[in-house]
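Single-letter residue listing:
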Amino acid sequence: MSLVTTASLVGAAAERGSAVAAFNVITLEHAEAVIGGAASASRPVILQISENAVRFHGGQLRPIARTAIEVAQLSPVGVALHLDHVTDPTLLRQAAEAGFSSAMFDAGAAHYDANVAATREAADWAHEAGIWLEAELGYVGGKPDAPASAHAASVRTDPVEAAAFVSATDVDALAVAVGSSHAMTSRTASLDHGLIADIVSAVSVPLVLHGSSGVADDDLRAAVAAGMRKVNVGTALNIAFTAAVRAELSADATVGDPRKYLAVARAVMSTTVAGLLRVISD
(Lines give C-alpha, C1' and ligand atoms only; values in the text may rest on other atoms or scores of the structure.)
Protein backbone atom coordinates (compact mmCIF):
# COMPACT_ATOMS: atom_id res chain seq x y z
CA MET A 1 0.00 0.00 0.00
CA SER A 2 1.27 3.46 -0.82
CA LEU A 3 1.69 6.16 1.78
CA VAL A 4 -1.43 7.87 3.08
CA THR A 5 -1.65 11.20 4.85
CA THR A 6 -1.68 11.81 8.58
CA ALA A 7 -4.75 14.00 8.11
CA SER A 8 -6.67 11.10 6.56
CA LEU A 9 -5.72 8.69 9.36
CA VAL A 10 -6.57 11.13 12.14
CA GLY A 11 -9.80 12.10 10.40
CA ALA A 12 -10.85 8.47 10.03
CA ALA A 13 -10.01 7.81 13.68
CA ALA A 14 -12.11 10.77 14.76
CA GLU A 15 -15.07 9.52 12.72
CA ARG A 16 -15.03 6.16 14.47
CA GLY A 17 -14.35 7.66 17.91
CA SER A 18 -10.91 6.09 18.10
CA ALA A 19 -7.28 7.16 17.70
CA VAL A 20 -4.33 6.47 15.44
CA ALA A 21 -1.01 5.51 17.01
CA ALA A 22 2.23 7.19 15.96
CA PHE A 23 5.54 5.43 16.69
CA ASN A 24 8.95 7.07 16.68
CA VAL A 25 11.50 5.65 14.24
CA ILE A 26 15.24 5.86 14.86
CA THR A 27 16.64 2.96 12.80
CA LEU A 28 15.59 0.73 9.92
CA GLU A 29 14.71 -1.92 12.50
CA HIS A 30 12.30 0.48 14.19
CA ALA A 31 10.51 1.14 10.88
CA GLU A 32 10.32 -2.57 10.04
CA ALA A 33 9.04 -3.38 13.53
CA VAL A 34 6.30 -0.74 13.39
CA ILE A 35 5.11 -1.88 9.98
CA GLY A 36 5.24 -5.52 11.09
CA GLY A 37 3.26 -4.77 14.23
CA ALA A 38 0.70 -2.75 12.29
CA ALA A 39 0.24 -5.57 9.79
CA SER A 40 -0.17 -8.08 12.62
CA ALA A 41 -2.79 -5.91 14.34
CA SER A 42 -4.43 -4.89 11.02
CA ARG A 43 -4.32 -1.24 12.04
CA PRO A 44 -3.05 1.83 10.15
CA VAL A 45 -0.13 3.61 11.73
CA ILE A 46 2.02 6.75 11.64
CA LEU A 47 5.81 6.56 11.40
CA GLN A 48 7.34 9.52 13.23
CA ILE A 49 10.86 10.84 12.78
CA SER A 50 11.87 13.38 15.39
CA GLU A 51 14.32 16.25 15.16
CA ASN A 52 16.43 14.32 17.68
CA ALA A 53 16.49 11.30 15.37
CA VAL A 54 17.58 13.51 12.48
CA ARG A 55 20.35 14.90 14.68
CA PHE A 56 21.43 11.31 15.46
CA HIS A 57 21.75 10.69 11.71
CA GLY A 58 24.18 13.56 11.28
CA GLY A 59 21.51 16.19 10.75
CA GLN A 60 20.44 14.57 7.48
CA LEU A 61 16.69 14.10 7.10
CA ARG A 62 16.49 12.42 3.71
CA PRO A 63 18.23 9.08 4.42
CA ILE A 64 16.03 8.11 7.37
CA ALA A 65 12.94 9.56 5.67
CA ARG A 66 13.57 7.56 2.50
CA THR A 67 14.13 4.45 4.61
CA ALA A 68 10.79 4.91 6.34
CA ILE A 69 9.00 5.56 3.05
CA GLU A 70 10.44 2.48 1.35
CA VAL A 71 9.42 0.27 4.28
CA ALA A 72 5.97 1.89 4.45
CA GLN A 73 5.30 1.20 0.78
CA LEU A 74 5.57 -2.54 1.48
CA SER A 75 2.88 -2.35 4.17
CA PRO A 76 -0.53 -4.00 3.77
CA VAL A 77 -2.04 -1.25 5.97
CA GLY A 78 -2.14 2.53 5.62
CA VAL A 79 1.00 4.31 6.80
CA ALA A 80 1.67 8.03 7.15
CA LEU A 81 4.98 9.82 7.69
CA HIS A 82 5.24 12.56 10.33
CA LEU A 83 8.14 14.86 11.28
CA ASP A 84 8.03 15.18 15.05
CA HIS A 85 9.05 17.80 17.64
CA VAL A 86 10.65 20.19 15.19
CA THR A 87 12.11 23.33 16.76
CA ASP A 88 14.24 24.32 13.77
CA PRO A 89 12.27 26.15 11.05
CA THR A 90 14.90 25.15 8.49
CA LEU A 91 14.25 21.47 9.20
CA LEU A 92 10.50 22.02 9.10
CA ARG A 93 10.80 23.46 5.62
CA GLN A 94 12.37 20.22 4.38
CA ALA A 95 9.31 18.18 5.35
CA ALA A 96 7.23 18.28 2.17
CA GLU A 97 10.11 17.66 -0.19
CA ALA A 98 11.29 14.73 1.96
CA GLY A 99 7.89 13.01 1.71
CA PHE A 100 6.18 13.94 4.97
CA SER A 101 2.46 14.74 5.01
CA SER A 102 2.57 16.24 8.51
CA ALA A 103 4.82 17.77 11.11
CA MET A 104 4.75 18.84 14.74
CA PHE A 105 6.25 22.28 15.32
CA ASP A 106 7.39 22.63 18.91
CA ALA A 107 7.62 26.15 20.31
CA GLY A 108 6.25 24.96 23.64
CA ALA A 109 9.32 26.12 25.59
CA ALA A 110 8.58 29.74 24.68
CA HIS A 111 6.24 32.06 26.50
CA TYR A 112 2.66 31.99 25.23
CA ASP A 113 2.86 35.02 22.91
CA ALA A 114 6.13 33.85 21.38
CA ASN A 115 4.73 30.34 20.97
CA VAL A 116 1.70 31.76 19.15
CA ALA A 117 3.79 33.92 16.82
CA ALA A 118 6.27 31.17 15.90
CA THR A 119 3.55 28.54 15.51
CA ARG A 120 1.39 30.79 13.33
CA GLU A 121 4.33 31.41 11.02
CA ALA A 122 5.01 27.66 10.88
CA ALA A 123 1.35 26.88 10.18
CA ASP A 124 1.13 29.45 7.38
CA TRP A 125 4.14 27.89 5.68
CA ALA A 126 2.93 24.34 6.31
CA HIS A 127 -0.47 24.92 4.78
CA GLU A 128 1.06 26.49 1.68
CA ALA A 129 3.27 23.40 1.38
CA GLY A 130 0.39 20.96 1.94
CA ILE A 131 1.61 19.92 5.40
CA TRP A 132 -0.83 19.14 8.26
CA LEU A 133 0.64 20.87 11.32
CA GLU A 134 0.51 19.85 14.97
CA ALA A 135 1.63 22.10 17.84
CA GLU A 136 1.86 21.87 21.62
CA LEU A 137 0.40 23.92 24.44
CA GLY A 138 1.18 23.27 28.09
CA TYR A 139 4.13 21.26 29.38
CA VAL A 140 4.19 17.55 28.59
CA GLY A 141 7.58 16.99 30.24
CA GLY A 142 10.63 14.85 29.72
CA LYS A 143 12.48 17.46 27.65
CA PRO A 144 15.71 19.27 28.59
CA ASP A 145 13.96 22.61 29.18
CA ALA A 146 11.89 21.18 32.05
CA PRO A 147 10.27 24.06 33.98
CA ALA A 148 8.47 21.75 36.41
CA SER A 149 7.10 18.27 36.81
CA ALA A 150 4.77 17.35 33.96
CA HIS A 151 2.56 15.68 36.55
CA ALA A 152 1.83 18.99 38.30
CA ALA A 153 -1.60 20.47 37.62
CA SER A 154 -0.06 23.93 37.22
CA VAL A 155 1.59 23.07 33.89
CA ARG A 156 -1.41 21.41 32.27
CA THR A 157 -3.19 22.83 29.26
CA ASP A 158 -5.96 25.28 30.03
CA PRO A 159 -9.05 24.70 27.81
CA VAL A 160 -9.77 28.41 27.35
CA GLU A 161 -6.16 29.15 26.44
CA ALA A 162 -6.17 26.15 24.12
CA ALA A 163 -9.15 27.50 22.21
CA ALA A 164 -7.46 30.89 21.84
CA PHE A 165 -4.21 29.25 20.77
CA VAL A 166 -5.85 27.16 18.06
CA SER A 167 -7.74 30.17 16.75
CA ALA A 168 -4.63 32.36 16.71
CA THR A 169 -2.29 29.82 15.11
CA ASP A 170 -4.59 27.93 12.70
CA VAL A 171 -2.93 24.61 13.57
CA ASP A 172 -4.50 21.32 12.51
CA ALA A 173 -3.97 19.40 15.77
CA LEU A 174 -2.97 20.19 19.33
CA ALA A 175 -0.73 18.21 21.67
CA VAL A 176 -1.86 18.89 25.22
CA ALA A 177 -0.44 18.49 28.71
CA VAL A 178 -2.80 16.28 30.72
CA GLY A 179 -0.41 14.38 32.99
CA SER A 180 1.89 12.37 30.72
CA SER A 181 5.62 12.91 30.26
CA HIS A 182 8.13 12.02 27.57
CA ALA A 183 10.77 9.34 28.18
CA MET A 184 9.01 7.62 31.07
CA THR A 185 10.28 4.08 31.65
CA SER A 186 7.44 3.03 33.96
CA ARG A 187 3.76 3.16 33.09
CA THR A 188 2.73 5.18 36.13
CA ALA A 189 1.48 8.47 34.66
CA SER A 190 -2.05 9.42 35.69
CA LEU A 191 -4.01 11.28 33.05
CA ASP A 192 -6.69 13.87 33.78
CA HIS A 193 -9.54 12.53 31.66
CA GLY A 194 -11.91 15.28 32.74
CA LEU A 195 -9.44 17.85 31.46
CA ILE A 196 -9.13 15.97 28.16
CA ALA A 197 -12.90 16.11 27.72
CA ASP A 198 -12.95 19.83 28.61
CA ILE A 199 -10.27 20.61 26.02
CA VAL A 200 -12.08 18.53 23.40
CA SER A 201 -15.18 20.62 24.02
CA ALA A 202 -13.21 23.86 23.79
CA VAL A 203 -11.16 23.36 20.61
CA SER A 204 -12.01 22.59 17.00
CA VAL A 205 -9.03 20.38 16.14
CA PRO A 206 -7.97 16.83 17.11
CA LEU A 207 -6.00 16.34 20.32
CA VAL A 208 -2.67 14.52 20.53
CA LEU A 209 -1.24 12.65 23.51
CA HIS A 210 2.54 12.77 23.89
CA GLY A 211 4.51 10.68 26.37
CA SER A 212 2.20 7.71 26.02
CA SER A 213 4.85 5.11 26.90
CA GLY A 214 4.34 6.09 30.55
CA VAL A 215 0.58 5.49 30.44
CA ALA A 216 -1.02 2.15 31.34
CA ASP A 217 -3.35 0.41 28.87
CA ASP A 218 -6.58 1.21 30.71
CA ASP A 219 -5.60 4.86 31.00
CA LEU A 220 -4.79 4.97 27.29
CA ARG A 221 -8.20 3.50 26.46
CA ALA A 222 -9.88 6.10 28.69
CA ALA A 223 -7.88 8.91 27.06
CA VAL A 224 -9.04 7.81 23.61
CA ALA A 225 -12.62 7.53 24.86
CA ALA A 226 -12.32 11.07 26.25
CA GLY A 227 -11.24 12.40 22.86
CA MET A 228 -7.55 11.83 22.09
CA ARG A 229 -7.19 11.18 18.36
CA LYS A 230 -3.42 10.74 17.87
CA VAL A 231 -1.30 8.91 20.45
CA ASN A 232 2.50 9.12 20.28
CA VAL A 233 4.77 6.29 21.44
CA GLY A 234 8.57 6.26 21.45
CA THR A 235 10.25 5.14 24.66
CA ALA A 236 8.31 1.87 24.87
CA LEU A 237 9.93 0.67 21.65
CA ASN A 238 13.41 1.67 22.80
CA ILE A 239 12.95 -0.16 26.10
CA ALA A 240 11.87 -3.31 24.26
CA PHE A 241 14.72 -2.99 21.76
CA THR A 242 17.44 -2.46 24.36
CA ALA A 243 16.21 -5.19 26.70
CA ALA A 244 16.20 -7.70 23.84
CA VAL A 245 19.71 -6.79 22.71
CA ARG A 246 21.01 -6.89 26.28
CA ALA A 247 19.49 -10.32 26.87
CA GLU A 248 20.92 -11.76 23.66
CA LEU A 249 24.42 -10.46 24.34
CA SER A 250 24.30 -11.60 27.97
CA ALA A 251 23.27 -15.09 26.90
CA ASP A 252 26.16 -15.46 24.46
CA ALA A 253 29.26 -13.29 24.85
CA THR A 254 30.72 -14.70 21.60
CA VAL A 255 28.04 -13.17 19.35
CA GLY A 256 29.63 -10.92 16.75
CA ASP A 257 26.98 -10.78 14.03
CA PRO A 258 24.58 -7.91 14.83
CA ARG A 259 21.84 -9.58 12.80
CA LYS A 260 21.45 -12.20 15.52
CA TYR A 261 20.43 -9.73 18.21
CA LEU A 262 18.85 -7.08 15.98
CA ALA A 263 16.44 -9.67 14.60
CA VAL A 264 15.28 -10.50 18.12
CA ALA A 265 15.04 -6.81 19.04
CA ARG A 266 12.99 -6.09 15.91
CA ALA A 267 10.60 -8.93 16.69
CA VAL A 268 10.12 -7.77 20.28
CA MET A 269 9.44 -4.20 19.14
CA SER A 270 6.94 -5.50 16.59
CA THR A 271 5.05 -7.37 19.31
CA THR A 272 5.04 -4.20 21.43
CA VAL A 273 3.64 -2.20 18.53
CA ALA A 274 0.88 -4.71 17.83
CA GLY A 275 -0.18 -4.77 21.47
CA LEU A 276 -0.31 -0.98 21.76
CA LEU A 277 -2.20 -0.64 18.49
CA ARG A 278 -4.90 -2.98 19.80
CA VAL A 279 -5.24 -0.72 22.85
CA ILE A 280 -5.06 2.66 21.12
CA SER A 281 -6.88 1.93 17.87
CA ASP A 282 -9.42 -0.59 19.16
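Residues numbered from 1 in each chain as written. Predicted model: local features only at pLDDT ≥ 70, side-chain atom pairs only at ≥ 80, totals over all residues. Heavy atoms only, no water.

> Help me out: how do you make sense of the overall build of the protein in this one?
Summing up its helical and strand segments, the protein has 12 helices and 8 strands in all. Here the protein has a C-alpha radius of gyration of 18 Å; the compact-globule value for 282 residues is 19 Å, and the two agree. For the protein, the spread of C-alpha atoms along the principal axes amounts to about 60 × 40 × 35 Å. With 282 residues in all, the protein has 52% of them scored as buried. In the protein, of all internal contacts separated by at least 6 residues, the share reaching a separation of at least 24 is 72%. Per element, the accessible surface of the protein, about 11400 Å² overall, is 54% carbon and sulfur. (Helix = DSSP H or I, 4+ residues; strand = E, 2+ residues; numbered from the N terminus. Rg over C-alpha atoms; globule rule 2.2 N^0.38 Å. Buried < 20%, exposed > 50% of the residue type's maximum accessible area, 1.4 Å probe, protein only. Contact = heavy atoms within 4.5 Å. Areas by Shrake-Rupley, 256 points an atom, 1.4 Å probe, with all protein chains shown as cover.)

> Explain helix α4 (residues 61-72) to me, please; I cannot follow it from the model alone.
Think of an α-helix as 3.6 residues a turn; residues three or four steps apart then line up on the same face. Given a rise of 1.5 Å per residue, 12 residues ought to cover 16 Å, and the 16 Å separating the end C-alpha atoms of α4 matches this to within 8%. Tucked into the core, α4 has its buried residues touching α2 (28-41), β2 (45-50), α3 (51-56), β3 (79-86), α5 (89-92) and α6 (95-98). (Expected span 1.5 Å × (residues − 1).)

> Is there a simple way to explain unusual backbone geometry in this structure?
A negative phi holds for most residues other than glycine; trans holds for most peptide bonds. Despite not being glycine, His 85 shows a phi value in the positive range, around 50 degrees. Relative to the elements of secondary structure, His 85 occurs in strand β3. Notably, Asp 170 is not glycine yet its phi reads approximately 65 degrees, a positive angle. With respect to the helices and strands, Asp 170 occurs in the loop between α8 (159-169) and β6 (173-176).

> Explanation requested: the sheet that holds β3 in the structure shown.
One key point about sheets: their strands pair by backbone hydrogen bonds, in either a parallel or an antiparallel sense. Strands sit in the order β1-β2-β3-β4-β5-β6-β7-β8 around a closed barrel of 8 strands; the barrel is parallel. Put simply, the sheet's adjacent strands are angled 30 degrees from each other on average, direction ignored. Pairing geometry for strand β1 (residues 20-24) and strand β8 (residues 228-233), over 4 bridges, is parallel. Bridging from a neighbouring strand, Ala 22 pairs with Asn 232 of β8. (Pairing = 2+ DSSP bridges. Axes fitted to C-alpha atoms, helices over the stretch in contact; angles between N-to-C directions.)

> Any chance you could explain the packing of helix α11 (residues 235-251) against helix α12 (residues 258-280) here in plain terms?
A pair of packed helices is captured by two measures, namely the crossing angle of their axes and the spacing between those axes. Contact pair α11 / α12: the axes reach a minimum separation of 8 Å and the direction vectors enclose 145 degrees. Every pair of crossing elements has a handedness; the one defined by α11 and α12 is right-handed. Mapping the contact onto sequence places Ala 236, Leu 237, Ala 240, Phe 241, Ala 244, Val 245, Glu 248 and Leu 249 in α11 and Lys 260, Tyr 261, Leu 262, Val 264, Ala 265, Val 268, Met 269, Thr 272, Val 273 and Leu 276 in α12. Here the residues of the contact of α11 with α12 are counted per class, giving 15 nonpolar, 1 polar and 2 charged. (Left-handed = near helix turned anticlockwise from the far one by under 90°. Nonpolar A, V, L, I, M, F, W, Y, C, P; charged D, E, K, R; others polar.)

> What should I look at first to understand the pattern of salt bridges in this one?
Pairing between side chains of opposite charge can happen when their charged atoms approach one another. Inspection of every chain in the model, using the stated rule, returns 9 salt bridges. In this structure, Glu 32 and Arg 266 form a salt bridge, with 2.8 Å as the shortest nitrogen-oxygen distance. Of this pair, Glu 32 sits in helix α2 while Arg 266 sits in helix α12, placing them 234 residues apart in sequence. (Salt bridge = Lys/Arg side-chain N within 4 Å of Asp/Glu carboxyl O.)

> Which parts of the structure should I look at to understand the pairing of β3?
A regular strand carries its side chains on alternate faces of the sheet. Within β3, 8 of the 8 residues are buried, leaving the element largely enclosed by the surrounding structure. Pairing analysis gives 6 bridges linking β2 to β3, with the strands arranged parallel. Bridge pairing links Val 45 to Val 79 in β3. As paired strands, β3 and strand β4 (residues 102-105) are joined by 3 bridges and run parallel to one another.

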